[in-house]
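Coordinate inspection notes
Here is what each chain is made of, one letter per residue.
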Number of protein chains: 2
Amino acid sequence: MHYSDLIKTIKERREVLNVTQKTLAELAGVGLRTLKQFESGKGNPTLHTLQKISGVLGMEVCLKIRNLEAK
Amino acid sequence: MHYSDLIKTIKERREVLNVTQKTLAELAGVGLRTLKQFESGKGNPTLHTLQKISGVLGMEVCLKIRNLEAK
DNA sequence: TCGAAAAGTGCATTTTATTGCTCTTTTTAA
DNA sequence: TTAAAAAGAGCAATAAAATGCACTTTTCGA
């Protein structure tokens, strides 16, 4: 996934769950500012930060072999 | 994936490809020290750093819904 | 329409990741 | 076995992430 897709995934997942940035930040234990920056494409979160956010949303960070077929 | 699994995945993939930390660091454009710290479990790389490393190894960082079934 | 909630941004500070240098330990091949 | 390559770690400097506060803009429901 490209950087923008990771952001999009987090943002959409949060919206589907109907959670505000403020609530997600609190539940994930990260600063609201950090989440705002990430979602607005201004950030470069650490792996720990991304994992904390993903976790609250019922998601996980993973690594997979790139599929050349899949455009 | 847990943090340690992400490390393991990167490390094993690098070894399967028979690439040294030095070479991978150079190809990925990250400091050798950064890669060493990550692989030895001492680091907390930024998303950009992890993407650069993964990319060289033919992998990508992704987010997926956690599967409760899968142990 | 319009007021409140949510999201986005500038600024400053603190914390921490990144990096290079050097050295020690471990692994590997001759 | 052992010498060289590769991996791991201490230290210090620099760059950048994380954070809070205050303010602006956008979104959305009454």
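Residues numbered from 1 in each chain as written. Chains lettered and ligands numbered in written order. Predicted model: local features only at pLDDT ≥ 70, side-chain atom pairs only at ≥ 80, totals over all residues. Heavy atoms only, no water.

1. Topic: the UniProt feature "domain: HTH cro/C1-type" (unreviewed entry) in chain A
Here, UniProt's "domain: HTH cro/C1-type" (unreviewed entry) annotation points to residues 10–64 of chain A. Annotation note: span residues 10–64 of chain A, helix share 60%, strand share 11%, distance between end C-alpha atoms 18 Å. (UniProt positions renumbered as here; feature names shortened; annotations may be inferred. Helix = DSSP H or I, 4+ residues; strand = E, 2+ residues; numbered from the N terminus.)

2. Focus: the nonpolar core
Counting 34 residues, the largest nonpolar core has Ile53(A) and Ile53(B) as the members making the most contacts within it. When near neighbours in sequence (up to four residues on either side) are disregarded, Ile53(A) contacts Ile10(A), Leu24(A), Ala28(A), Val30(A) and Leu35(A). (Core = buried A, V, L, I, M, F, W, Y, C linked by side-chain atoms within 4.5 Å. Buried < 20%, exposed > 50% of the residue type's maximum accessible area, 1.4 Å probe, protein only. Contact = heavy atoms within 4.5 Å.)

3. Here's the deal with the state of the cysteines
Linking two cysteines covalently through their sulfur atoms gives a disulfide. Scanning all chains against the criterion turns up one disulfide over all chains. Cys62(A) shares a disulfide with Cys62(B); S-S distance 2.5 Å. On the sign convention where negative means left-handed, the S-S torsion of about -100 degrees between Cys62(A) and Cys62(B) marks this disulfide as left-handed. On the criterion of chain membership, the pair formed by Cys62(A) in strand S1 (residues 59–65) and Cys62(B) in strand S1 (residues 59–65) is interchain, its members lying in two chains. (Disulfide = S-S within 2.5 Å.)

4. Describing the relation of the copies chain A and chain B
Superposing chain A onto chain B takes a rotation of 180 degrees plus a shift of 0.0 Å along the axis, which leaves an RMSD of 0.0 Å. Given the turn and translation reported, the copies of this chain are related as if by a two-fold rotation axis. No C-alpha of chain A lies nearer the rotation axis than that of Thr46(A), which sits 1.9 Å from it. Looking at the interface residues of chain A, 100% of them are also at the interface in chain B, so both copies use one shared face. (Least-squares fit on C-alpha atoms with pLDDT ≥ 70 in both.)

5. Some details on the packing of aromatic side chains
All names here are of chain A. Scanning the entire structure with this criterion turns up two aromatic pairs over all chains. For the ring pair tyrosine 3 and phenylalanine 38, a centre distance of 6.2 Å and an interplane angle of 85 degrees mean the geometry is edge-to-face. Of this pair, tyrosine 3 sits in helix H1 (residues 3–16) while phenylalanine 38 sits in helix H3 (residues 32–39), placing them 35 residues apart in sequence. Per residue, the accessibility class of tyrosine 3 equals that of phenylalanine 38, and both read buried. (Phe/Tyr/Trp six-rings, centres within 6.5 Å; stacked < 30°, edge-to-face > 60°.)

6. Description of the protein's contact with DNA strand D
Lining the immediate environment of DNA strand D, one finds 18 residues, of which Gly31(A), Arg33(A), Thr34(A), Gln21(B) and Arg33(B) sit closest. In DNA strand D, the atoms that sit within 4 Å of the protein are 58% sugar and phosphate, with bases accounting for the remainder. The contact in question runs from a phosphate oxygen of DNA strand D to an N or O atom on the backbone of Gly31(A), over 2.7 Å. Counting residues per element, the surface near DNA strand D draws most heavily on H3(A), which supplies three residues. Residues that form the surface near DNA strand D fall into these classes: two nonpolar, ten polar and six charged. (Near = heavy atom within 4 Å. Polar contact = N/O pair within 3.5 Å; in protein donor to acceptor, adjacent residues only side chain to side chain. Nonpolar A, V, L, I, M, F, W, Y, C, P; charged D, E, K, R; others polar.)

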